[in-house]
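# What the coordinates show
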Amino acid sequence: KILGAIAFIIFILLFLLSTFVKNYVVKHSQELIKRKVTLNELHFNYFRVSVRMRDFVMYEANQADRFVSFDELYINFDPWALLHNEYSFAQITLINPNVHVSQNMSSFNFDDLLKSTSDTTSVSKKKEPTDTTSFRFTVKNLQMKNGLLSYEDKKVKSYVELKNLNLNVPLISWDSRQSNMGISFRIGDKGDVEINAQLDNKAKKYTILLNTKTLSIEPIKNYMKDYLDVTYFGGLLTSKIKINGDFEQTMNINVSGKVLLDSLLINDGRNNKLIAIDRVETNISNINLYTTSYNLSSIVVTNPKIVATLDRDMTNFERVLKPYFKADSLATPTDTTKKSSTSNTSITYRLDTLKIINGDIEFTDNTLNRPFSYSLS
């Protein structure tokens, strides 16, 4: 009877533990991490050694806007791997995560969380034993489904969303021979990005396959204000890039593949057309950052249209580059008599084929009594 009573009490405690933990975290979240947290469900499965969380929301410091949220997080731990000195997770699944990152100059909307974490670790930090020899770390079936990551840069007034963010990693293992991972997401209305990586830990090498489809380059315009005076800078990027690298020699990176840029349009600061190109196709034989060699098999430019205007003060191209020249003139002068240790490194480049198809140049001279225009087709 005594053993039965003890077992019954333990069963009740374990059954109510998830509810107690959930209520404690929600009630004391301000004390723990100085952020408001809501959580709808928390379940512990003691037979599977797993935990499941549903409808989690962490708010911003203002306690009104959402910072991080997700519909469901499932973590399944494999305790039997501890017999082989290994921390192993059989499955980690994250469904519909939503993260909003905001930056204003050098501050981010999560700085208070980092400060809180550093304060806690500095108080509780103890001297750890130096023996770290025998343990391994393994994560299997790491998945993220339909994620959304939004990034806001308040200084340049830029807002970017990564939609349909999906992550599929069959295996991540420290001290293993090889790991594979893949991630895909959407930027904007129709820009798809897919990244696949193969990590060979034994050979200390990695391979990354980067594919993009109709990815809009318009968001980079806000970051070019210090260098270019343009009102519009847009186009659609499609690429298939292969990157081979080395863990030990980090700069030994080889890049190859194909890059397509469709519907490129650049308008100057007066919102007049500067450059319009239907298609730019670049085939990369090999780019090696370690040897600074750039080998391109071909560049094909289709239907480029360039508008050149000569005004009394300057040309339209000079006006577009005026912010760059201004920043360059304000830069701190350097001593050119000193030679850099890398001054002997030479840059080599090779372009096998260059094609310009159906190009048009429109030239206008506004310095005369009557404007003079000439077209070269």
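Everything here concerns the structure above.
Residues numbered from 1 in each chain as written. Predicted model: local features only at pLDDT ≥ 70, side-chain atom pairs only at ≥ 80, totals over all residues. Heavy atoms only, no water.

Attention now goes to the overall build of the chain. Counting secondary structure elements, the chain contains five helices and 18 strands. If you take every contact in the chain between residues at least 6 apart in sequence, the share linking residues at least 24 apart comes to 51%. A total accessible area of about 25,300 Å² is found for the chain, and carbon and sulfur atoms account for 58% of it. (Helix = DSSP H or I, 4+ residues; strand = E, 2+ residues; numbered from the N terminus. Contact = heavy atoms within 4.5 Å. Areas by Shrake-Rupley, 256 points an atom, 1.4 Å probe, with all protein chains shown as cover.)

This part covers the pattern of salt bridges. By the definition in use, this model includes 14 salt bridges. One salt bridge in this structure joins Lys258 and Glu281, with 3.8 Å as the shortest N-O distance. Pair noted here: Lys258 is in strand E13 (residues 254-268) and Glu281 is in strand E14 (residues 273-288), with a separation of 23 residues, a long-range link. With a closest N to O distance of 4.0 Å, Glu281 and Arg279 form a salt bridge. Connected through shared salt-bridge partners, Glu41, Arg52, Arg54 and Glu72 make up one network. (Salt bridge = Lys/Arg side-chain N within 4 Å of Asp/Glu carboxyl O.)

Time to look at the environment of Thr367. Mapped onto the secondary structure, Thr367 falls in the loop between strand E17 (360-365) and strand E18 (372-376). Sequence-wise, Thr367 and Met314 are 53 residues apart; in three dimensions their C-alpha atoms are separated by 9.9 Å. Not counting the four nearest positions on each side in its chain, Thr367 is found in contact with Leu310, Asp311 and Arg312. Among the polar contacts listed, one links the side chain of Thr367 to the side chain of Asp365, at a separation of 2.5 Å. (Polar contact = N/O pair within 3.5 Å; in protein donor to acceptor, adjacent residues only side chain to side chain.)

As a further point, take unusual backbone geometry. The phi dihedral of Asp55 falls on the positive side, at around 55 degrees, and the residue is not glycine. Along the chain, the position of Asp55 falls in strand E2 (residues 50-59). A positive phi angle, close to 50 degrees, is found at Thr292, a residue other than glycine. Note on placement: Thr292 falls in the loop between E14 and strand E15 (293-310).

Next up on the list: a nonpolar patch on the surface. Taken together, Ile306, Phe317, Ile361, Phe363, Leu368, Phe372, Tyr374 and Leu376 make up a surface patch of nonpolar side chains, about 690 Å² in accessible area. Taken together, the elements giving at least two residues each to the nonpolar patch come down to E17 and E18. With respect to the secondary-structure elements, Phe372 resides in strand E18. (Patch = residues over 30% accessible without salt bridge, like charges linked within 9 Å, V, L, I, M, F, W, Y side chains within 5 Å.)

Once that is clear, we can look at the nonpolar core. One finds Met53, Phe56, Met58, Leu142, Leu167 and Phe185 to be the most contacted residues of the largest nonpolar core, which totals 23 residues. Looking at this core, the elements that each hand over two or more residues are strand E1 (37-45), E2, strand E3 (66-78), strand E7 (136-153), strand E8 (158-173) and strand E9 (178-187). Here Leu167 is in contact with Leu142, Gln143, Met144, Met181, Gly182 and Ile183, once residues within four sequence places are set aside. Ile217, Ile253, Leu264 and Val280 belong to the second-largest nonpolar core, a separate cluster that totals 22 residues. (Core = buried A, V, L, I, M, F, W, Y, C linked by side-chain atoms within 4.5 Å. Buried < 20%, exposed > 50% of the residue type's maximum accessible area, 1.4 Å probe, protein only.)

Another aspect to go through is the pairing of E13. Sheet topology places strand E12 (residues 230-246) next to E13; 13 bridges connect them, and they run antiparallel. By the bridge assignment for E13, Leu236 is matched with Asp262. Sheet topology note: the E13/E14 ladder contains twelve bridges and is antiparallel. Counterpart to Gly257 in the pairing with E14 is Ile284. Hairpin connection, E13 to E14: the antiparallel pair is bridged by four residues, and Asn271 has positive phi, about 65 degrees. (Pairing = 2+ DSSP bridges.)

A few words now on the packing of aromatic side chains. Under the criterion given, the structure shown has six aromatic pairs. Both rings, one in Phe20 and one in Tyr24, keep their centres 6.3 Å apart while their planes meet at 25 degrees; by these two values the pair is stacked. Of the two residues, Phe20 and Tyr24 both sit in helix H1 (residues 2-27), four residues apart, roughly one turn of that helix. With centroids separated by 5.2 Å and ring planes inclined at 20 degrees, the aromatic side chains of Phe108 and Phe110 adopt a geometry described as stacked. Taking NZ or CZ as reference, Lys36 lies 4.9 Å from the ring centre of Tyr59, over its face. (Phe/Tyr/Trp six-rings, centres within 6.5 Å; stacked < 30°, edge-to-face > 60°. Lys NZ or Arg CZ within 6 Å of the ring centre and 35° of its normal.)

It is worth spelling out the pairing of E17 at this point. Bridge count between E15 and E17: six bridges; the pairing is parallel. Opposite Lys305, over in E17, you have Asp360 as the bridge partner. Where E17 and E18 come together, five bridges link them in antiparallel fashion. Each residue of the ladder has a partner; that of Asp365, found in E18, is Phe372.

Attention now moves to the side chain of Asn283. Relative to the assigned elements, Asn283 resides in strand E14. In this structure Asn283 comes out as buried when scored by relative accessible area, which is 19%. For Asn283, the contacting residues outside a window of four places in its chain are Gly257, Lys258, Leu296, Ser297 and Ser298.

Below, the discussion takes up the environment of Asn288. By secondary structure assignment, the location of Asn288 is in strand E14. Considered as a pair, Asn288 and Asn252 are 36 residues apart in the sequence and their alpha carbons are 6.9 Å apart. With sequence-adjacent residues up to four places away left out, Asn288 is seen in contact with Asn252, Ile253, Asn254 and Ser293. A distance of 2.7 Å separates the side chain of Asn288 from the side chain of Asn254, its partner in a polar contact.

Moving on, we come to the environment of Thr302. Structurally, the position occupied by Thr302 is in strand E15. Residues Thr302 and Ile277, 25 residues apart in the sequence, show an inter-C-alpha distance of 6.7 Å.

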